[in-house]
Amino acid sequence: MRQLLARLNPEQRRAVTTTDGPLLVLAGAGTGKTRVITVRAAYLLDQGNPAESILAVTFTNKAAREMKARIVGLVGKHAAVGLTVGTFHAFCARLLRKHGAPIGVPPGFTICDASDQLAAHKAVLRDLHVPEATIHPRQLVAEVSLLKNSLVNPEAAGESAVDDRDHLVALAYRRYGEHLRRAGVLDFDDLLLRTLDLLREHEPTARNLTDRFRYLMVDEYQDTNGPQFEIVRRLAGERRNLCVVGDDDQSIYGWRGADVKNILGFERQFPGATVIRLETNYRSKEPILAAANKVIGNNPARHGKTLRAARGEGSPVRVFGVDDEEREARNVVTDIEGRKTTSPLKDMAVLFRAAAQSRALEAALRARAIPYRLVGGPSFFDRKEVRDVLAYLKLLANPTDEVSFLRIVNCPPRGIGKSTIDKVLAYATEHGLGAAAAFENSEIPAKAKAAAAELKATLARLGEKDPGPRLVNTIRALLDAIDYRVELVRCYADEQVREQRWNAVEEVVNFAENYVRRSRGPTLTEFLERLALTATDDEKDDDQKDGDALTLMTLHAAKGLEFPHVYLVGCEEGLLPHDKSVATDQVEEERRLMYVGITRAQDNLTITFAKSRAKFGRRAERMPSRFLYELKGEAPPKTWRAAGQKAPAERPTKKANGRRRSRR
DNA sequence: CATGAATTTTTTTTT
DNA sequence: AAAATTCATG
């Protein structure tokens with residue numbers, strides 16, 4: 001332990017050894033933040049604290065896994081047993097599964113992911129007979145979620161509504177909540193909110209938890225939202241052994257309800273808190289750091305840190321303007337090919353603002369046969385056939401899960417079409433029933449009724465009890481019962497496509513096999529929970545990990561990572577900062593995003609912008625990002641303002657589409 | 001009710 | 001340009 005401490009700088013060491021009372025570690029990019037947290041955990045263990053008393057929370061599964069692995073590396077596998085390291089959502093899900101019953105959370109609840117959430121909101125709108133033209137379901141999801149995360153309940157939302165639209169949102173919010181509750185389903189936000197309810201309303205559990213977790217650590221604290229803050233505050237209790245680590249300059253999740261005030265106001269929330277600043281950057285060469293400092297310096301309201309480069313001089317940041325996104329992709333790829341002779345591909349990353357930007361890059365990489373790894377992107381679990389199968393499984397675990405039910409009720413086709421479903425749904429809301437139950441009594445074609453009854457029987461038979469270790473058999477029996485293979489044959493004429501789709505289904509089975517093998521007491525419920533909460537990564541990138549490959553990802557996904565060579569593409573007005581953010585006055589967050597991007601680079605940073613870019617298939621002129629001028633310390637040219645300002649065009653709504661698009 | 005064609009929307013970021 | 005949704009037809 002002494003050796004470990006000796007390898008830290010004085011500030012880091014102080015952060016590690018300050019174990020009691022509230023502690024805020026302001027850790028600039030690349031200042032050894034993860035190192036501090038992991039060594040701190042090791043230090044706590046070394047001081048004789050039981051592993052069970054330590055809770056470390058992160059935001060992503062990847063971060064959680066990495067943290068756990070590094071702690072194990074420090075103290076050994078044995079000493080780390082019993083340590084709780086996980087994401088907020090995973091931690092909350094486990095808690096609710098175990099202790100949620102007293103506050104009305106059914107132990108068998110299923111978790112609905114983003115697309116289920118969207119489907120549920122659409123169902124609510126349909127139910128309210130509100131045409132989707134009135135309010136876009138996507139926007140509704142975002143607004144309702146933001147309300148939830150701001151701890152505003154439907155009643156309060158209704159009261160503070162000032163126009164029809166607000167009222168509609170409040171109403172839809174209430175209906176959506178009722179819908180989920182009746183179905184025994186929780187969305188991501190509910191995991192946090194219900195946990196908060198649990199801590200507030202169920203004293204015994206709350207005490208139990210505060211007694212157990214004597215030391216709390218929260219990573220990426222700048223990204224916590226209201227409920228997360230409350231959860232942490234309550235868990236810390238009066239003991240207040242709470243260590244939060246973060247960087248206000250890297251707060252990039254405001255749109256998800258994250259509140260920078262949590263980190264900016266920590267000292268006020270926890271009077272007497274120790275504040276430690278980590279300002280020595282061990283990651284980037286000086287020119288890169290200088291660029292980062294210049295850009296972020298334009299943001300007001302910061303905790304204020306000045307990063308010092310420990311690594312000294314290096315090559316300057318390169319900025320290139322190109323004609324269009326194709327050219328941009330080709331140039332970047334050519335540059336990467338050149339670099340490939342001296343550095344492995346895994347030391348390079350291409351970062352961008354929006355996921356869609358990967359298209360052009362992927363095309364160029366394929367053309368040159370350069371292996372790449374796209375992080376984030378559409379997951380394996382988003383494929384239609386996988387989602388279908390999972391919906392069936394969710395129904396086995398939770399027969400009242402209406403979202404899943406509606407998804408699969410006519411897949412494979414059972415003669416239960418749209419009009420039938422509409423009738424059933426109308427009947428269901430009228431009588432306060434679930435959709436599945438409403439099938440029996442509503443007036444619909446006998447054929448459809450019979451089909452529904454058969455489906456119900458099948459599900460009841462397979463879902464009678466949790467299959468536990470026989471999970472794989474159950475999945476196979478299910479696929480058999482619904483003839484899913486046949487369904488694929490029916491849907492896809494192309495042999496190859498069909499095989500691909502079936503492979504995806506087989507992959508779910510494999511996944512289940514792995515899960516059962518690794519888990520001690522496997523259950524279907526837990527299996528589904530894992531899929532919902534750790535969807536993207538895990539096994540998936542294992543295959544691609546062994547080979548040397550370039551990394552492509554969004555700026556959001558890049559946070560916390562570092563690469564020797566970084567390409568930051570699409571640095572244009574409208575993209576970074578994004579039009580939508582400019583329109584809603586959130587340029588500061590975009591600037592932080594830029595800052596995150598710059599500070600990922602260790603040795604070389606290349607920034608590009610295109611003079612024209614295709615958007616929705618239409619080509620448009622682009623201006624270099626304002627951040628590029630900030631980076632160089634120049635004022636933007638006069639013409640920039642005029643061009644930059646015609647961007648917004650918010651609130652299109654009205655259907656006055658008299659103007660037709662000219663073809664091609 | 002199911003199917004394929006026509007039309008519309010999507011791209012900001014994610015647990 | 002692609003995906004999702006709506007429409008028209010069998």
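Residues numbered from 1 in each chain as written. Chains lettered and ligands numbered in written order. Predicted model: local features only at pLDDT ≥ 70, side-chain atom pairs only at ≥ 80, totals over all residues. Heavy atoms only, no water.

Asks: Residue-level account of the overall build of chain A, with values.
Replies: Helix and strand counts for chain A come out as 33 helices and 17 strands. Relative to the compact-globule value of 26 Å for 664 residues, chain A shows a C-alpha radius of gyration of 26 Å, a close match. For the C-alpha atoms alone, the extent of chain A along its principal axes is close to 80 × 70 × 55 Å. Here chain A, with 664 residues, has 52% of them falling under the buried criterion. (Helix = DSSP H or I, 4+ residues; strand = E, 2+ residues; numbered from the N terminus. Rg over C-alpha atoms; globule rule 2.2 N^0.38 Å. Buried < 20%, exposed > 50% of the residue type's maximum accessible area, 1.4 Å probe, protein only.)

Asks: Could you give me a rundown of a positive patch on the surface, with the residues and numbers involved?
Replies: A contiguous patch of positive charge, built from Lys 68, Arg 94, Lys 98, Arg 212 and Arg 530, is present on the exposed surface. By the element assignment, Arg 530 lies in helix 27 (residues 524–533). (Patch = residues over 30% accessible without salt bridge, like charges linked within 9 Å, V, L, I, M, F, W, Y side chains within 5 Å. Areas by Shrake-Rupley, 256 points an atom, 1.4 Å probe, with all protein chains shown as cover. Salt bridge = Lys/Arg side-chain N within 4 Å of Asp/Glu carboxyl O. Lys, Arg positive; Asp, Glu negative; His and termini not counted. Charge placed at Lys NZ, Arg CZ, Asp CG, Glu CD.)

Asks: Quick rundown of the side chain of Lys 305? Include the residues and the values.
Replies: Along the chain, Lys 305 turns up in the loop between helix 16 (286–296) and strand 10 (308–309). The exposure class of Lys 305 is buried, given its relative accessible area of 6%. A polar contact is formed between the side chain of Lys 305 and the side chain of Asp 249, at a distance of 3.3 Å. In contact with Lys 305, other than residues within four places in its own chain, are Leu 26, Gly 28, Asp 247, Asp 248, Asp 249, Arg 277 and Glu 279. (Polar contact = N/O pair within 3.5 Å; in protein donor to acceptor, adjacent residues only side chain to side chain. Contact = heavy atoms within 4.5 Å.)

Asks: Lay out unusual backbone geometry with the relevant residues and their values.
Replies: The step from Cys 411 to Pro 412 runs through a cis peptide bond, and the omega angle for that step is 0°. On the secondary structure map, Pro 412 appears in the loop between helix 20 (402–408) and helix 21 (418–431). Across the junction of Leu 576 and Pro 577, the peptide omega takes the value 5°, indicating a cis bond. One non-glycine residue with positive phi stands out, namely Arg 240, at about 55°.

Asks: Tell me about the pairing of strand 17 (residues 618–621), and name the residues and values.
Replies: A regular strand carries its side chains on alternate faces of the sheet. Pairing geometry for strand 16 (residues 601–615) and strand 17, over 4 bridges, is antiparallel. Across the sheet, residue Ser 612 finds its bridge partner in strand 17, namely Glu 621. Counted between consecutive antiparallel strands, the loop separating strand 16 from strand 17 contains 2 residues, among which Phe 616 sits at a positive phi close to 50°. (Pairing = 2+ DSSP bridges.)

Asks: Give a description of the sheet that holds strand 6 (residues 215–218) that names residues and reports values.
Replies: Strand order across the open sheet formed by 6 strands is 3-2-6-7-1-8, with parallel pairing between neighbours. Edge positions in the sheet fall to strand 3 (84–87) and strand 8 (274–278), since each of these pairs with one other strand and no more. Between one strand axis and the next, the sheet turns through 15° on average, direction left out of account. The pairing of strand 2 (residues 54–58) with strand 6 spans 4 bridges and is classified as parallel. Looking at strand 6, one finds that Ala 56 is bridged to Met 217. Packed onto the sheet, helix 3 (residues 33–46) meets strand 1 (23–27), strand 2, strand 6, strand 7 (242–246) and strand 8 and runs at close to 170° relative to strand 6. (Axes fitted to C-alpha atoms, helices over the stretch in contact; angles between N-to-C directions.)

Asks: Which residues make up the protein's contact with DNA strand B, and what values go with them?
Replies: Taken together, 26 residues sit near DNA strand B, with Arg 353, Ala 355, Ser 419, Thr 420 and Lys 580 positioned nearest. For DNA strand B, the backbone portion of the atoms within 4 Å of the protein, that is sugar and phosphate, comes to 51%. Between DNA strand B and the protein, one listed contact pairs a phosphate oxygen with a backbone N or O atom of Ala 355 at 2.6 Å. Partitioned by chemical class, the residues of the surface near DNA strand B number 9 nonpolar, 11 polar and 6 charged. (Near = heavy atom within 4 Å. Nonpolar A, V, L, I, M, F, W, Y, C, P; charged D, E, K, R; others polar.)

Asks: Break down the packing of aromatic side chains for me, with residues and values.
Replies: Scanning all chains against the criterion turns up 10 aromatic pairs. When the ring of Tyr 221 is compared with that of Phe 266, the centres are 5.8 Å apart and the planes differ by 85°; the resulting orientation is edge-to-face. Linking Tyr 221 in the loop between strand 6 and helix 13 (226–236) with Phe 266 in helix 15 (residues 266–269), this pair joins segments that are 45 residues apart in sequence. Like Phe 266, Tyr 221 is buried. Between Phe 405 and Phe 439 the ring centres are 6.0 Å apart and the planes differ by 75°, which places this aromatic pair in the edge-to-face class. With Phe 405 in helix 20 and Phe 439 in the loop between helix 22 (435–438) and helix 23 (446–462), this residue pair connects regions lying 34 residues apart in the sequence. Like Phe 439, Phe 405 is buried. Counting every residue linked through ring pairs, the aromatic cluster contains Tyr 221, Phe 229, Phe 266 and Phe 270. One Lys or Arg, Arg 97, reaches over the ring of Phe 109 and ends 3.9 Å from the middle of that ring. (Phe/Tyr/Trp six-rings, centres within 6.5 Å; stacked < 30°, edge-to-face > 60°. Lys NZ or Arg CZ within 6 Å of the ring centre and 35° of its normal.)

Asks: An account of the side chain of Glu 572 is requested, with residue identities and associated values reported.
Replies: With respect to the helices, strands and loops of the structure, Glu 572 is situated in the loop between strand 15 (563–568) and helix 30 (579–583). Engagement of the side chain of Glu 572 in a polar contact is seen with the side chain of Arg 613, the distance being 2.6 Å. The contacts of Glu 572, once residues within four sequence positions are left out, are Glu 328, Pro 577, Phe 609, Ala 610, Arg 613, Arg 622, Met 623, Pro 624 and Ser 625.

Asks: Explain the pattern of salt bridges to me, using residue names and the numbers behind them.
Replies: Pairs can form between side chains of opposite charge whenever their charged atoms are close. For the structure shown, the criterion picks out 46 salt bridges. Taking the shortest distance from any N to any O, the salt bridge between Arg 302 and Asp 249 comes out at 2.7 Å. Of this pair, Arg 302 sits in the loop between helix 16 and strand 10 while Asp 249 is found in the loop between strand 7 and helix 14 (261–264), placing the two residues 53 residues apart along the sequence. Take Asp 249: its relative accessible area is 1%, and that puts it in the buried class. Between Glu 325 and Arg 619 there is a salt bridge, with its nearest N and O atoms 3.1 Å apart. With a gap of 294 residues between them, Glu 325 in helix 17 (residues 325–339) and Arg 619 in strand 17 connect regions that are remote in the sequence. The buried category is assigned to Glu 325, whose relative accessible area is 12%. By relative accessible area, Arg 619 is classed as partly exposed at 46%. One connected set of salt bridges, linked through shared partners, spans Lys 33, Asp 219, Glu 220, Asp 223 and Lys 559.

Asks: Before we move on, can you summarise the packing of helix 3 against helix 4 (residues 61–75) with the specific residues and values?
Replies: Viewed as axis vectors pointing N to C, helix 3 and helix 4 meet at an angle of 50°, and their least axial separation amounts to 9 Å. Of the possible angle classes, the one that applies to helix 3 and helix 4 is oblique. When the axes of helix 3 and helix 4 are compared, the crossing they make is right-handed. Contact residues: helix 3 offers Thr 34, Arg 35, Ile 37, Thr 38, Val 39, Ala 41, Ala 42 and Leu 45, while helix 4 offers Met 67, Arg 70, Ile 71, Leu 74 and Val 75. Along the lines of polarity and charge, the residues of the contact of helix 3 with helix 4 split into 9 nonpolar, 2 polar and 2 charged. (Parallel < 35°, antiparallel > 145°, perpendicular 65-115°, else oblique. Left-handed = near helix turned anticlockwise from the far one by under 90°.)

Asks: Describe the packing of helix 8 (residues 137–149) against helix 11 (residues 188–201), with residues and values.
Replies: Relative orientation of the contacting elements helix 8 and helix 11 amounts to 15°, with a least axis distance of 10 Å. Between helix 8 and helix 11, the angle falls in the class roughly parallel. The chirality of how helix 8 crosses helix 11 is left-handed. Contacts from Ser 145, Lys 148 and Asn 149 in helix 8 reach Asp 189, Asp 190, Leu 192 and Leu 193 in helix 11. Each residue belonging to the contact of helix 8 with helix 11 can be placed in one class, and the counts come to 2 nonpolar, 2 polar and 3 charged.

Asks: Residue-level account of the confidence of the model for chain A, with values.
Replies: Across chain A, the average pLDDT comes to 88, with 94% of residues at 70 or higher. Per-residue pLDDT stays below 50 along residues 641–664; that stretch engages in 9 contacts with residues further than four places along the chain or on separate chains. (pLDDT = per-residue confidence, 0-100.)

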